[in-house]
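Below are the chains, spelled out letter by letter.
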Protein chains: 2
Amino acid sequence: MKRLKRRILDEATVIGTDILKVDNFLNHQVDVEFLTEIGAEFYKRFGPEQVTKILTVESSGIAVACMTAPFFKTPVIFAKKVESRNLVDDTYSSEVYSYTRDKTYRIHVSRNYLSAHDKVLIIDDFLANGKAAQGLIDIVNQAGADLVGVGIVIEKGFQEGGNQLRLSGVKLESLAIIADMNENRIIFQNGDTDADYAD
Amino acid sequence: MKRLKRRILDEATVIGTDILKVDNFLNHQVDVEFLTEIGAEFYKRFGPEQVTKILTVESSGIAVACMTAPFFKTPVIFAKKVESRNLVDDTYSSEVYSYTRDKTYRIHVSRNYLSAHDKVLIIDDFLANGKAAQGLIDIVNQAGADLVGVGIVIEKGFQEGGNQLRLSGVKLESLAIIADMNENRIIFQNGDTDADYAD
């Protein structure tokens, strides 16, 4: 998605070789108009499938999922990350290790909101090692629901999560795939040059 | 907002005298179409003001804020709740005590996204003791920005947060105010009867 890549080049900050900050439009300040374009792009890629639920995980997946859901005319379910006094029902749950925060947490989805009748599209802002996506897929499987696919805004193609999902047969659509990055440059997959992302 | 009150009566679960679960459309499963109606209602109430930023706090405020922002044509900023390796800039920050989770956390907003030129509308899903709203107002004040007001989906009117804000001169608009609740009934403020919330 050309405009997304352009904005990553113009607005993202790389810290070390691992952290990509896109706080300007995705992870802290949210450009809802731009996220609506992103939602339209996910619809173009997954729209022919009969999606009944969009599943994400709190918190930074919520904005993308909410701006995408109106195209599919489905609700969003966001998996919750911690035990909470407010989530007392029986849940589907899965353990996820976060490299960014260097800790393991458990994600939960109430059994009320996913069933074997659902066709689920997983949406998230980032895919790196793929642990969060795998946890969400685990929850879809526990529910006996169909997994339509996984839609990701930015994939770190130099980490293994994306390829593991593709090899396992998951339909994965990442709108921008970063092949390599450091504090001076960001290279997208497919050998595209900077000129490919002109406005 | 009549349809909201109707849905609370039909779909919410009260646990004890303090916890109201609206996981069916607001806090876990998100009905984005309904939240768009809620956004339209906030626009009706705050639209005449020149809002430049909508401010909320992760995570359950994000969905409401994102479905509201398109009416105001502004970005959303969500305050982050924990120290994170990804938030290294100078930030405005404030301490918030959560009764629900019985712990104190710190909320942060990057100085890049709020300034003295901004007119800020705070949006959140719940208001009870008002600690989260006060923390967000503290951040707006640190930025030297103007506070347009606070828009809340559900206010627990039997707790003190709402009245404290009103007494301090904040324009507070809560779309449903619960005067009293227990596991058998929910009473809204203004002495409305159940019939007032018919479809």
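Rules and cut-offs
- Residues numbered from 1 in each chain as written.
- Chains lettered and ligands numbered in written order.
- Predicted model: local features only at pLDDT ≥ 70, side-chain atom pairs only at ≥ 80, totals over all residues.
- Heavy atoms only, no water.
- Helix = DSSP H or I, 4+ residues; strand = E, 2+ residues; numbered from the N terminus.
- Rg over C-alpha atoms; globule rule 2.2 N^0.38 Å.
- Buried < 20%, exposed > 50% of the residue type's maximum accessible area, 1.4 Å probe, protein only.
- Areas by Shrake-Rupley, 256 points an atom, 1.4 Å probe, with all protein chains shown as cover.
- Phe/Tyr/Trp six-rings, centres within 6.5 Å; stacked < 30°, edge-to-face > 60°.
- Lys NZ or Arg CZ within 6 Å of the ring centre and 35° of its normal.
- Contact = heavy atoms within 4.5 Å.
- Buried area = accessible area lost by both parts, 1.4 Å probe.
- Salt bridge = Lys/Arg side-chain N within 4 Å of Asp/Glu carboxyl O.
- Polar contact = N/O pair within 3.5 Å; in protein donor to acceptor, adjacent residues only side chain to side chain.
- Nonpolar A, V, L, I, M, F, W, Y, C, P; charged D, E, K, R; others polar.
- Pairing = 2+ DSSP bridges.
- Axes fitted to C-alpha atoms, helices over the stretch in contact; angles between N-to-C directions.
- Parallel < 35°, antiparallel > 145°, perpendicular 65-115°, else oblique.
- Least-squares fit on C-alpha atoms with pLDDT ≥ 70 in both.

### Some remarks on the overall build of chain A
Line of reasoning, step 1. For chain A, the count of helices and strands is five helices and eleven strands.
Line of reasoning, step 2. Its C-alpha atoms give chain A a radius of gyration of 16 Å, near enough to 16 Å, the size a compact globule of 199 residues would have.
Line of reasoning, step 3. Dimensions of chain A, computed from the C-alpha atoms along their principal axes, are close to 50 × 35 × 35 Å.
Line of reasoning, step 4. Taking all 199 residues of chain A together, 56% fall into the buried category.
Line of reasoning, step 5. For chain A, the accessible area works out to roughly 8400 Å², and carbon and sulfur atoms hold 43% of it.

### Topic: the packing of aromatic side chains
Line of reasoning, step 1. For the structure shown, the criterion picks out seven aromatic pairs over all chains.
Line of reasoning, step 2. Plain terms: the ring middles of Y97 of chain B and Y99 of chain B are 4.7 Å apart, the flat faces sit at 80° to each other, and that makes the pair edge-to-face.
Line of reasoning, step 3. Look at Y97 of chain B and you get partly exposed, because its relative accessible area is 29%.
Line of reasoning, step 4. Cluster of aromatic residues (ring-pair linked, three or more members): Y43, F71 and F72 of chain A.
Line of reasoning, step 5. When the ring centre of F188 of chain A is taken as reference, the NZ or CZ atom of K5 of chain A above it lies at 5.7 Å.

### What to know about the interface of chain B and chain A
Line of reasoning, step 1. Opposite the 44 residues of chain B that make contact, chain A presents 44 residues.
Line of reasoning, step 2. Carbon and sulfur atoms supply 55% of the area that chain B and chain A bury against each other, a total of about 3500 Å² over both sides.
Line of reasoning, step 3. Between chain B and chain A we count one salt bridge in total.
Line of reasoning, step 4. Residues D23 of chain B and K80 of chain A are paired through a salt bridge, measuring 4.0 Å at the closest nitrogen-oxygen approach.
Line of reasoning, step 5. Connecting chain B to chain A are 16 residue pairs in polar contact (both at pLDDT 80 or more).
Line of reasoning, step 6. Where the side of chain B that touches chain A is concerned, the elements lending two or more residues are strand 2 (19-21), strand 3 (29-30), helix 3 (60-72), strand 5 (76-79) and strand 7 (103-110) of chain B.
Line of reasoning, step 7. The dominant element in the side of chain B that touches chain A, judged by the number of residues it contributes, is helix 3 of chain B, at seven residues.
Line of reasoning, step 8. Its residues assigned to classes, the side of chain B that touches chain A comprises 22 nonpolar, twelve polar and ten charged.

### Describing the sheet that holds strand 10 (residues 172-181) of chain B
Line of reasoning, step 1. Reading across from one edge, 3(A)-5(B)-4(B)-8(B)-9(B)-10(B)-11(B) is the order of the seven strands in this open sheet, with mixed pairing throughout. Looking at which strands have only one partner, the edges of the open sheet turn out to be strand 3 (29-30) of chain A together with strand 11 (186-188) of chain B.
Line of reasoning, step 2. Direction of pairing for strand 3 of chain A relative to strand 5 of chain B: antiparallel, over a ladder of two bridges. Along strand 5 of chain B, the bridge assignment pairs Q29 of chain A with I77 of chain B.
Line of reasoning, step 3. In the packing of helix 3 of chain B onto the sheet, contacts are made with strand 3 of chain A together with strand 4 (53-57), strand 5, strand 8 (119-127) and strand 9 (146-156) of chain B, and the angle to strand 4 of chain B comes to roughly 170°.

### Some remarks on helix 1 (residues 2-11) of chain B
Line of reasoning, step 1. Within helix 1 of chain B, the full set of buried residues consists of L4, K5, R6, R7 and I8 of chain B.
Line of reasoning, step 2. Elements in contact with the buried residues of helix 1 of chain B: strand 2, helix 2 (32-46), strand 9, strand 10 and strand 11 of chain B.

### Quick look at the packing of helix 1 of chain B against helix 2 of chain B
Residues and elements named next belong to chain B.
Line of reasoning, step 1. At a minimum axis separation of 10 Å, helix 1 and helix 2 run at an interaxial angle of 140°. The orientation of helix 1 with respect to helix 2, classified from their angle, is oblique. Contacts between helix 1 and helix 2 pair R3, L4 and R7 from the former with F34, E37 and I38 from the latter.

### Section: the side chain of H108 of chain B
Residues and elements named next belong to chain B.
Line of reasoning, step 1. Its place among the elements puts H108 in strand 7.
Line of reasoning, step 2. Here H108 falls in the buried class, since its relative accessible area comes to 6%.
Line of reasoning, step 3. For H108, the side chain forms a polar contact with the side chain of T91, separated by 3.2 Å.

### As for the pattern of salt bridges
Residues and elements named next belong to chain A.
Line of reasoning, step 1. Evaluation of the coordinates by the stated rule reveals 29 salt bridges over all chains.
Line of reasoning, step 2. One salt bridge in this structure joins E173 and R45, with 2.9 Å as the shortest N-O distance. Highlighted residues: E173 in strand 10 (residues 172-181) and R45 in helix 2 (residues 32-46), separated in sequence by 128 residues.
Line of reasoning, step 3. In this structure R45 comes out as partly exposed when scored by relative accessible area, which is 23%.
Line of reasoning, step 4. Between D146 and K119 there is a salt bridge whose closest N-O contact spans 3.2 Å. Of this pair, D146 sits in strand 9 (residues 146-156) while K119 sits in strand 8 (residues 119-127), and the two are 27 residues apart along the sequence.
Line of reasoning, step 5. The network of salt bridges with shared partners includes E41, K44, R45, K171 and E173.

### Observations regarding the pairing of strand 7 (residues 103-110) of chain A
Residues and elements named next belong to chain A.
Line of reasoning, step 1. For strand 6 (residues 91-98) and strand 7, the ladder comprises eight bridges, and the chain directions are antiparallel. When the bridges of strand 7 are listed, E95 appears paired with R106.
Line of reasoning, step 2. In this structure, the hairpin formed by strand 6 and strand 7 is closed by a connection of four residues, where D102 is found at a positive phi of approximately 50°.

### Re the relation of the copies chain B and chain A
Line of reasoning, step 1. Under the fitted operation, chain B is carried onto chain A by 0.0 Å of movement along the axis and a turn of 180°, and the coordinates agree to an RMSD of 0.0 Å. The symmetry that links the two subunits is that of a two-fold axis. Relative to the rotation axis, the closest C-alpha in chain B is found at S59 of chain B, a distance of 2.6 Å.
Line of reasoning, step 2. Mapped onto chain A, 100% of the interface residues of chain B again fall at the interface, so both copies present the same surface.

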